[in-house]
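This is what each chain is made of:
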Amino acid sequence: MVFLGLEPNKVHLLRSVDNLFVVVAEYDHYQFKESKEETLSELQELASKLPWTNALEVWRLNRTLKKKKGHRKVGNTTKAKSNAEASDVAAAPEAVQHELPEETSAADGDAKAERTPDSETCQQDLDENAPGAKLIKFRVTCNRAGDKHSFSSNEAARDFGGAVQEFFQWKADMTKFDIEVLLNIHNEEVVIGIALTEESLHRRNISHFGPTTLRSTLCYGMLRLCKPQASDIILDPMCGTGAIPLEGAIEFSESFYIAGDNNDMAVNRTVNNICHIQKRRADRGSPSGLPIDTVQWDLSNLPIRTSSVDIIITDMPFGKRMGSRKKNWDLYPSCLREMARVCRPDSGKAVLLTQDKKCFAKAISRMGGLWRKLHTVWVNIGGLHAGVYLLKRTTAVFGQTPEDVHESRGRVDSQMKEKDDKEVS
């Protein structure tokens, strides 16, 4: 993700962005050659023609800020490492595409390329380091999506990386590198950039992960969608590891959050994640308290008063890693009904994430008297096309709509049937 006009230190404070990079060049409709050999040769030539100077200047500034931050952390008790000793170790960026993506890294090749004036200036800037400065290490990471390319991600990264290495005379290193050059190819779109983050910014809150832990960046986006206000009661009835209420308690701290789940392991993970954040804040000298509480409960019978919750926000089971599509047909209507009971009529909202779109649409249609769909945001969750649904609680009083009567009667009939079966047995 790239942000123009913002200082690097401010860019790192953005909450809904996974990875940061500065753009070297971008092409909306790159004309790839038909043969693989011609395409790879063209990528090699491209390396020397790109306007690297400004992007590398941003990378230097970003690196300086990270070093200063590191110096502040160690204080006077430990001497900061010199340039000759320091080595920034970065993690490969996590590329999520709507199509099946390929991601690989390489930085060796034997392409020769013509140097442009802008590139010559960039080369001189990098050569003018202080005496004894270390040799810059780099790698190229290619993120490719699309089925009409004649080359693989590995081949693109290898040949483009080889040309970058020959042009700058940098040293290739796949793990302990200083610069990560990104070659992002999505169908006809090509973006070349330089990474500004060492690992994804979504890994900021969670220390105890579950099978379906949401990214903190997505949690932030879901929270912004419902616009929390001061003193709002916000409920996550299927909290998992607590990623959503934790993000809310940190970024929208004037509201109060209740995190619950029917699984005791999920509740334990949430408690551990809350304790982790509290300890981290205490170590930094910040107030460790968080406006959040954790409960284990039955989703279809929440221990919450009717019409007492302002916002419900949760990640519903997709029916893949958790639950099943078959179970969702009964679970989703039951969830929406109980959520409608505890949510305030007229003013209450719900933000629900699910990939089981067909089942959710059917459940909403059954609960039309209680919920009204306002907006849908489509997101990519690990390659799955999912929807974030913003719902508004209707003015209907719970228990007085046809949906309530039908659902309640069905529940009573079911309970009576179970009672009769026990008596017969």
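Our subject in this report is the structure included herewith. Values in this document were obtained by computation on a predicted structure and should not be read as measured data.

Definitions and cut-offs
Residues numbered from 1 in each chain as written. Predicted model: local features only at pLDDT ≥ 70, side-chain atom pairs only at ≥ 80, totals over all residues. Heavy atoms only, no water. Pairing = 2+ DSSP bridges. Helix = DSSP H or I, 4+ residues; strand = E, 2+ residues; numbered from the N terminus. Axes fitted to C-alpha atoms, helices over the stretch in contact; angles between N-to-C directions. Core = buried A, V, L, I, M, F, W, Y, C linked by side-chain atoms within 4.5 Å. Buried < 20%, exposed > 50% of the residue type's maximum accessible area, 1.4 Å probe, protein only. Arc of directions from axis to C-beta. Contact = heavy atoms within 4.5 Å.

Structural notes on the sheet that holds strand β10 (residues 311-315)
Stage number 1. The strand order across the open sheet formed by 7 strands is β9-β8-β7-β10-β11-β13-β12, and the pairing between neighbours is mixed. The open sheet terminates on both sides in strands that have one partner only, identified here as β9 (292-296) and β12 (371-381). Along the sheet, successive strands turn relative to each other by an average axial angle of 20°, direction set aside.
Stage number 2. Both β12 and strand β13 (residues 384-393) contribute to a ladder of 10 bridges, which runs antiparallel. Following the sheet pairing, Val379 is matched in β13 by Ala386.

Looking at the nonpolar core
Stage number 1. One finds Trp52, Phe160, Trp170, Ile179, Leu183, Ile192 and Ile194 to be the most contacted residues of the largest nonpolar core, which totals 38 residues.
Stage number 2. Counting only elements with at least two residues in this core, the list comes to β1 (21-27), α2 (36-49), α3 (52-74), β3 (137-145), α5 (153-168), β5 (179-186) and β6 (189-195).
Stage number 3. For this core, the leading source of residues is α5, giving 7 residues.
Stage number 4. Formed by 29 residues, the second largest nonpolar core is a distinct cluster that contains Met238, Val309, Cys343 and Phe398.

Comments concerning unusual backbone geometry
Stage number 1. Of note, Lys227 is a non-glycine position whose phi angle comes to about 50°, a positive value.
Stage number 2. Within the element layout of this structure, Lys227 appears in the loop between α6 (216-226) and β7 (233-236).

Overview of helix α10 (residues 357-366)
Stage number 1. Buried within α10 we find Cys359, Phe360, Ala363 and Ile364. Angular distribution of buried residues about the axis of α10 spans 135°; they occupy a single face of the element.
Stage number 2. Where α10 is buried, its residues contact α9 (325-342), β11 (349-354), β12 and β13.

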